[in-house]
Amino acid sequence: MKISIRRSRRAAIAVALGSVLALTATACGDNGSGSGGDKGDEGSGKGKIVFWDNNGGVRTDAWKAIIAAFQKANPGIKVEYVGIASTEYQSKVDTAIQGGGLPDVGGVGAAMLAGFSAQKALEPLDDRLAKSSLSGKLNENMVASLKAAGGGDGTLYSIPTSANNGVLYYRTDLFKRAGLDEPTTWDKFYEAARKLTDSKKNEFGYTIRGGAGSIAQALDASYGQSGITSFWNGDKTTLNDPKNVAALEKYAALYKKDTPAADLNNDFTKMVAQWDSGTIGMLNHNLGSYQDHVKALGAGKFRGIPQPIGASGKRVQVSNPVDGLGVFKSSKNKEAAWKFIEFATSRAENSEFNKAAGQVPSNNDAAKDAWISQAEPTKLAAAALTDGSTSIVQLPYYLPDWNTISKADNEPNFQKVLLGDMSAKKFLDTMADQLNTAQAEWKEQNG
């Protein structure tokens, strides 16, 4: 029955995706011939390629600068840039896989990699990497993460561009005025959230993510407080462990008490803009919003530190997906698409891109550049991941259904938890049942 439910879901998705094919084909400037089953062609290494940015708007300027430099260095290749919001990217790619209109190259992060590779939409890149100027130049852990996320066969379908990490941003000026310690522990975090809140003055201690992308932040708070360091206990997830349930109950109780009511619909853009308005004490996001805070508040009014330490004395956080670039198998110009990836992840371009994004470069030489030590949150995050102070709970990005389960299926349920219409236990039990089923199916298919 569970397998038939899964197949029914995918069949329904396929029908829905097919109905909007014409719109997608028009939007990407493609003739609709490129689909997941199309084997494509190496091409001439010249001509036009289409690039889909998986975080359009946020990274558009950085990518346009890379594209301009690439076209200058490769005058025979023209890159058509298509910026797609991160919240819409997976559905647009899935639509094109089903019916046509895939780009030549696009953003393929770990969180969505398994779903795309399971549909045979991506070109294996191991041989291309081994023969390229990037061989031996990329962060081995990032490469390994993308191989693991690809579905279990160890094939590399995406070249890493950057690694992100969760950060707790806090207003140093507001903390100083209130006589509060830096929120380095969860106890200090909750104390600050309470003491910095004065709803009558529209002042709040924290802004919570209740809209798109909410699940990763909720899991960070759950595992961070519980101290549980593995996502699986045998074949069952630890997600709904009683310690995680208690942690999520405490975290969700912040909503409307120590956070604005508008947080219910916060995606990262709204959440960051709200914090940058200047009346909220703390924000959980990642390294990517650092430059936004500098522009809005000035570097002297806030800090970005690693996630709080739990009662165990250890910092525990869930894994942040490595981002990357992949070549779609249906591309008729794979050689040119690969040239673009190779250029974009070279030292100079990878360094400038990650400097703008505030993230950790994948190119080992780029990671040595001076700006890393000058951007404090990036420097602290990198140290936390390498100095033994942090345990990472590896999320199962390799499951083809991970993105659906952690987004479409359960983001609305988390909103119900915030509103008090669903218990934290019911929410975690529901998600755990889905993940246990997906894990069993994956193990059956992959031996």
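Everything below is about the structure shown above.
Our subject in this report is the structure included herewith. Computed from a prediction, not measured in an experiment: that's the story for all the values here. (Residues numbered from 1 in each chain as written. Predicted model: local features only at pLDDT ≥ 70, side-chain atom pairs only at ≥ 80, totals over all residues. Heavy atoms only, no water.)

## As for the overall build of the protein
Basically, it comes down to this: Numbering goes from the N terminus for both helices and strands, where a helix is a DSSP run of H or I of at least four residues and a strand is a run of E of at least two. We take the radius of gyration over the C-alpha atoms and set the globule estimate at 2.2 Å times the residue count to the 0.38 power. Relative accessibility decides the category of a residue: with a 1.4 Å probe and only protein chains considered, values under 20% of the type maximum give buried, values over 50% give exposed, and everything between is partly exposed. The contact criterion used is simple: two residues touch if any of their non-hydrogen atoms lie within 4.5 Å. Residue exposure ignores everything except the shown protein chains as possible cover, and the areas themselves are Shrake-Rupley values with a 1.4 Å probe.
Within the protein, the secondary structure is distributed over 20 helices and 14 strands. In terms of C-alpha radius of gyration, the protein reaches 22 Å, essentially the compact-globule figure of 22 Å for 447 residues. Reported as C-alpha extents along the three principal axes, the dimensions of the protein are approximately 65 × 55 × 40 Å. Relative to its 447 residues, the protein shows a buried fraction of 55%. For the protein, the share of sequence-separated contacts (at least 6 apart) that also reach a separation of at least 24 residues comes to 77%. Roughly 18,800 Å² of accessible area belongs to the protein as shown, and the carbon and sulfur atoms make up 51% of that amount.

## Quick look at empty space enclosed by the protein
The cut-off we apply is this: Throughout, the protein atoms alone are placed on a 1 Å grid, and a set of points is a cavity if a 1.4 Å probe fits but cannot get out or a pocket if it is open with protein on both sides within 12 Å along at least five of seven lines; lining residues have an atom within 4 Å of a point. Grid points are joined across faces, edges and corners, and a volume is the space filled by probe spheres set on the points.
Tallying each qualifying case throughout the model produces 1 cavity of 30 Å³ or more. Looking at the largest cavity, its volume works out to about 40 Å³. In this structure, the largest cavity is lined by W186, Y206, Q217, D220, A221, Y251, N284 and Q307. Looking at the lining of the largest cavity element by element, the count peaks at 3 residues for helix α10 (residues 214-226).

## What about the packing of aromatic side chains?
Two aromatic rings, taken as a pair, are described by how far apart their centres are and by the angle between their planes. As a reminder of what qualifies: The pairing test for Phe, Tyr and Trp rings, Trp by its six-membered ring, is centres within 6.5 Å, and the orientation test on the planes gives stacked under 30 degrees, edge-to-face over 60, and tilted for anything in between. For a ring to carry a charge above it, either NZ of a lysine or CZ of an arginine must fall within 6 Å of the ring centroid while also lying within 35 degrees of the normal to the ring plane.
The final tally for this structure, using the stated rule, is 23 aromatic pairs. For the pair Y169 and W275, a centre-to-centre distance of 6.1 Å together with 40° between the ring planes defines the contact as tilted. Taken together, the residues Y169 in strand β5 (residues 166-171) and W275 in helix α12 (residues 268-276) connect sequence positions 106 residues apart. On the basis of an interplanar angle of 65° and a centroid distance of 6.0 Å, the ring pair of Y206 and Y251 is categorised as edge-to-face. With Y206 in strand β6 (residues 204-207) and Y251 in helix α11 (residues 242-252), this pair connects stretches of sequence that are 45 residues apart. The exposure class assigned to Y251 is buried, which follows from its relative accessible area of 1%. Chaining the aromatic ring pairs together yields one cluster made of F51, W63, F70, Y81, F340, F343 and F353. One Lys or Arg, K250, reaches over the ring of Y190 and ends 4.5 Å from the middle of that ring.

## A word on the pattern of salt bridges
The following threshold applies: Salt bridges are defined as contacts in which a side-chain nitrogen from Lys or Arg sits within 4 Å of a carboxyl oxygen from Asp or Glu.
The final tally for this structure, using the stated rule, is 16 salt bridges. The shortest N-O distance in the salt bridge between K339 and E335 comes to 3.9 Å. Taken as a pair, K339 and E335 lie in helix α14 (residues 334-344) at a separation of 4 residues, close to a single helical turn. Judged by its relative accessible area of 29%, K339 falls in the partly exposed class. Connected via shared salt-bridge partners are E42, E123, R128 and K334.

## Brief notes about the sheet that holds β5
Rules: Pairing between strands requires that DSSP locate at least two bridges from one strand to the other. Throughout, an axis means a line fitted to C-alpha atoms (over the contacting stretch in the case of helices), and angles, computed between N-to-C directions, take values from 0 to 180 degrees.
Spatial strand order, β6-β9-β5-β10: 4 strands in an open sheet with mixed pairing. The open sheet has two free edges, formed respectively by β6 and β10 (302-305), since each of these has just one partner strand. Shown here is a sheet whose adjacent strand axes are inclined to one another by a mean of 20°, direction ignored. Direction of pairing for β5 relative to strand β9 (residues 280-286): antiparallel, over a ladder of 5 bridges. The residue bridging Y170 from the neighbouring strand is M282, located in β9.

## Considering the sheet that holds strand β3 (residues 105-107)
Pairing is mixed across the open sheet formed by 6 strands, whose spatial order is β2-β1-β3-β12-β4-β13. The open sheet is flanked by β2 (77-83) and β13 (360-361), the only strands paired with a single partner. Examined bridge by bridge, strand β1 (residues 47-53) and β2 share 7 bridges and lie parallel to one another. Paired with V50 across the bridge in β2 is E80. Strand contacts of helix α7 (residues 140-149): β4 (159-163), β12 (323-327) and β13, with the helix running at about 115° to β4, the strand carrying the most contacts. Along the sheet, helix α15 (residues 347-357) contacts β4 and β13; its crossing angle with β4, the most-contacted strand, is approximately 35°.

## Section: the environment of F175
Within the secondary structure, F175 is located in helix α8 (residues 172-178). A relative accessible area of 2% means that F175 is categorised as buried.

## Details of the pairing of β1
Heads up, the rule is: Handedness rule for crossovers: strands pointing away from the viewer, path from the first strand over the helix to the second running clockwise, crossover right-handed.
With respect to burial, β1 is a largely interior element, 5 of its 7 residues being buried. In the classification by handedness, the crossover that spans β1, the intervening helix α3 (residues 60-73) and the parallel β2 is right-handed. The sheet contact formed by β1 and β3 spans 2 bridges and is parallel. In the strand pairing of β3, F51 is matched with V105.

## Focus: helix α4 (residues 86-99)
Stated precisely, the cut-off is as follows: Between the first and last residue of a helix there are one fewer steps than residues, each counted as 1.5 Å, and that sum is the expected span.
With 14 residues, α4 extends 21 Å between its outermost C-alpha atoms, agreeing within 8% with the 20 Å of an ideal straight helix rising 1.5 Å per residue. Three or more residues of α4 are buried, namely Y89, Q90, V93, D94, T95, A96 and I97.

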